[in-house]
Every structure is written in structure tokens, then in C-alpha cells.
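# Residue-level structure breakdown
For reference, the chains in residue letters:
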Amino acid sequence: MKKVTRFILLKICSVLSIINLILPKNEKNILFFTNISCFNDNNRALFEYMLDNKLNEKFRLYYSTPDYKANKVLNANNNVFYISPFAGILIFLITKYCFYDAGTTKIRPSIHQNVISLWHGTPLKKVGRSVEKSIKNDRYNDFSKIVCTSSNLKSLFAESFECDIKDVIVTGYPRNDNLFDKTNYLNLLNVSIKKHIKKVIWMPTFRVSENGRYRNCDVTFSNNETGLQLFEFDSDLCELDNFLIQKNIFLCIKLHPLSFANTINFKTYENIRIINKKDMQNLNIQNYRLLSNFDSLITDYSSVFFDYLILNRPIGFIIDDIDQYQDNRGFSFNKPLDYMPGPKITKKDDFYNFLINISNNTDCYEEDRLRVMKLVNDFTDNNSSRRLLDFVGISK
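Rules behind the numbers
Residues numbered from 1 in each chain as written. Predicted model: local features only at pLDDT ≥ 70, side-chain atom pairs only at ≥ 80, totals over all residues. Heavy atoms only, no water. 1 Å grid on protein atoms, 1.4 Å probe; cavity = no way out; pocket = protein on both sides within 12 Å on 5 of 7 lines; lining within 4 Å. Points joined across faces, edges and corners; volume = space filled by probe spheres on them. Helix = DSSP H or I, 4+ residues; strand = E, 2+ residues; numbered from the N terminus. Nonpolar A, V, L, I, M, F, W, Y, C, P; charged D, E, K, R; others polar. Patch = residues over 30% accessible without salt bridge, like charges linked within 9 Å, V, L, I, M, F, W, Y side chains within 5 Å. Areas by Shrake-Rupley, 256 points an atom, 1.4 Å probe, with all protein chains shown as cover. Salt bridge = Lys/Arg side-chain N within 4 Å of Asp/Glu carboxyl O. Axes fitted to C-alpha atoms, helices over the stretch in contact; angles between N-to-C directions. Parallel < 35°, antiparallel > 145°, perpendicular 65-115°, else oblique. Contact = heavy atoms within 4.5 Å. Buried < 20%, exposed > 50% of the residue type's maximum accessible area, 1.4 Å probe, protein only. Pairing = 2+ DSSP bridges.

Looking now at the layout of surface pockets. Of the pockets and cavities examined, the second largest pocket occupies roughly 330 Å³. Lining the second largest pocket we find 23 residues, and of these Lys267, Thr268, Ile272, Arg273 and Ile274 sit closest to its centre. Of the residues forming the lining of the second largest pocket, the biggest block, four residues, is contributed by strand β10 (residues 272-275). Classifying every residue of the lining of the second largest pocket gives eleven nonpolar, seven polar and five charged.

Take a look at the structure:
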């Protein structure tokens, strides 16, 4: 049924693509479109950059998300409109500038539009057409340009999104500008900077999406209380919490917005804070502003580590299911481990050893991090938003 519905919607968008060719475009309209609730990524980073630089005094900014009503309450500004995805599609038809970061309107842009896909990460795991090969009537190049972070990645993006390599632009991701934010956001989590010697954030990607559309591993999590790798039961997290208390380490577990783990009601721990997508929305903070506050990162196949490399801080990689992940989702690189500059964690003891090394300031991977960072990040500054707007031609 879902495939039939998707097929019908794509046919409707094909008709709208024809209509889009003839409608005039308003040069004062800028649309930010995403189809995922509580999504907190490049769109929001660029949107807030425009607000900080008062571009809403010159342009009308439309922010289109499924949870637009919540955004409207949290972020009231002049000349800014929070709208539903349906309204976003209608605004798209009369708008010159549009930015995507997750999901698109599926309407082909006209030559009078600047439609920019910001995407949401350098793909260690396969993305775009490389993943959904069976949906033949779908298009992945419904943009004017797509952003990536390195000239080394242009051919990968062109292949994954079925576009010409000249349509891949290297400006850096707007969200990466926030890695340079020196503000203390941990107080929003009621965490004292002085109390904890080290602060670690764990950001796992999802294995099974909340809506069931994506299954990146052959797992059901039927016997998993937490939806996490390695620490599958509350007793595991309690044991981990006691260890963190002894080592005076604070651990934040930031769940992926698509993960079914967002539906789990976790108990409260002393040195562990688990943040789901609703928590991030209520805190009203961008992911990477929070990320900048941590001394090290634990992840797996998530693109977050490619960006975190800019800070040159230790990264640990949980890869206990790498073979399953390879067989199901797959990786963009033939040798993915060569692009993961940090200790490989396959069991709980490895996880604890990583934390011990962080506590002792033991870091054996700096040279390897710098090697990968140069491959995937042409820019290591906080000017990606400005570079992108200069390219598009948006100025105050």
C-alpha cells in the first residue's frame, strides 16, 4: 500500500513539475523544506544564520516541516512563516530560492529557481539511488545544485544523486559553522562543566527507522530494551552509569531522529543523559551547537564524525554489526574502516577502554584523524553558510 501511495504522489509531482515551469517566481521568497519532524540539521543552521544576519528584513523566509506548529511557538520572528509540507509545496511553485536537507518536494526546479540540496552528511553509508534502486520512477536530482564538503567527494555525490558533477558544489555544510560556538549549552541539560572531568557524546545512527521504511540491519530489537548497540538492557546502562560516576565522566546519548528508540521511555541516570528528538525540539538548540561542548564522540556509521573531525577530538566507532550493515545498507567506500580514524568498538570492554583513554587523555589517532579530515573537508572554518549564500546570490 505504501508503494502504491508513493507511486501516486510521484505522479502528482510530475504534473506539478510541468506547472512549475510556467509560474513566475518571487525573488523575495526563500523556502526551507524538510519532511521529517524534529529534524535539526543544515536547513536550521542556514535558517538561523539568515536570522542572525537579519536577512528576514529583506526576504520572506518560509520554514516548512511536519511539526511546523511547534516551531512557530518556539521561534517567532518578523517576516518568517512556519508552514506545513503541503503549504511548502505550494510556496515552492512561486519561490526563487529553496533549500532542502532531508526530503524534497519531488518537483523539478525551473530555470528561474535556485534549488539547493544541503543534504545531511558525508555518506559513509550508501545514500540516494545507491539505496533505493527499486523505486524506478523516483528522482534524486530534483535540485539545481547539491552541497558537499570536499572536491574529493563530488563524483560520489553525483553518482548517488544521479546528477552532473558540475551540479555538486563544495562550500562546506552550514551546520559545521556551529562547531565553533563557544557557548555552554550543557547547562540546558543541567550538567555542570566543572563537576565532570570529561564530557562524551554518543550519537548512533539508526538500524531500523521509526516508520519502518528503512532497515539497515537484519534486527528486530525484540529483546533489546534500549535500542542501543552493546548496552541492550537497563541493567547494562546502570552498570555503565556506575562506571561513569567513578571516572567522573558525563555521557550524553543523542538518538538519531529516525530511530525507533525515540519511542522508548528511558529511566533517569546520574551521569548519563539520553536525548530524543522531542527533547532537542524542547531544548530549542541545534545539534552541532551542543556537539561542540563535548571532549569526544562515540558513533558508528553516522556522518557526524566526518564533521567532528574539524575539531580534531577523539572518536570511537561501534562496529559490532558492520557485516550486517554492509549486507543490508552498504557503504559508499570499498574499505569503510580506512575512513574511520579511531578505535573500533565491538564489545562492552572496548567501550569502557575508550572511556578510560579519554579520562587519561590518551589519544593514539590524531595523525589518522588529520589524514581523513583532509580527504573529506576542504574547509575547516565557520564560514560555510556565508560561502553558500554568496554562491546562490543571497545578500542583505
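Moving on to a nonpolar patch on the surface. On the surface, Val4, Phe7, Ile8, Leu9 and Ile12 cluster together into a nonpolar patch covering about 460 Å² of accessible area. Relative to the helices and strands, leucine 9 resides in helix α1 (residues 2-22).

A few words on the packing of helix α2 (residues 42-52) against helix α13 (residues 384-392). The contact between α2 and α13 brings their axes to 10 Å, and the two run at 85°. Here α2 lies roughly perpendicular to α13, going by the angle between them. Residues Leu46, Tyr49 and Met50 of α2 form the contact with α13, whose own contacting residues are Ser385, Arg386, Leu388 and Leu389. In terms of residue class, the contact of α2 with α13 is made up of five nonpolar, one polar and one charged.

Let us now look at the pattern of salt bridges. Applying the stated criterion across every chain yields a total of 15 salt bridges. Between lysine 96 and glutamate 27 there is a salt bridge, with its nearest N and O atoms 3.9 Å apart. Linking lysine 96 in strand β4 (residues 95-102) with glutamate 27 in strand β1 (residues 26-34), this pair joins segments that are 69 residues apart in sequence. Taking the shortest distance from any N to any O, the salt bridge between arginine 175 and aspartate 41 comes out at 2.9 Å. Taken together, the residues arginine 175 in the loop between β7 (168-170) and β8 (198-202) and aspartate 41 in the loop between β1 and α2 connect sequence positions 134 residues apart. Both residues of the pair, arginine 175 and aspartate 41, belong to the buried class.

For the coordinates displayed, the defined rule picks out two cavities of 30 Å³ or more. Roughly 50 Å³ of volume is contained in the second largest cavity. For the second largest cavity, the full set of lining residues is Thr149, Gly172, Tyr173, Asn176, Ile310, Asn377, Asp378, Phe379, Asp381 and Ser384. Taken together, the residues of the lining of the second largest cavity sort by class into three nonpolar, five polar and two charged.

Let us now look at the pairing of strand β2 (residues 60-64). Working note: regular strand, side chains alternate between the two faces of the sheet. With respect to burial, β2 is a largely interior element, four of its five residues being buried. Judged from the five bridges that link them, β1 and β2 form a sheet pairing that is parallel. Note that in β2 the partner of phenylalanine 32 across the bridge is tyrosine 63. Here β2 pairs with strand β3 (residues 80-83) via four bridges, running parallel. Bridging from a neighbouring strand, tyrosine 62 pairs with phenylalanine 81 of β3.

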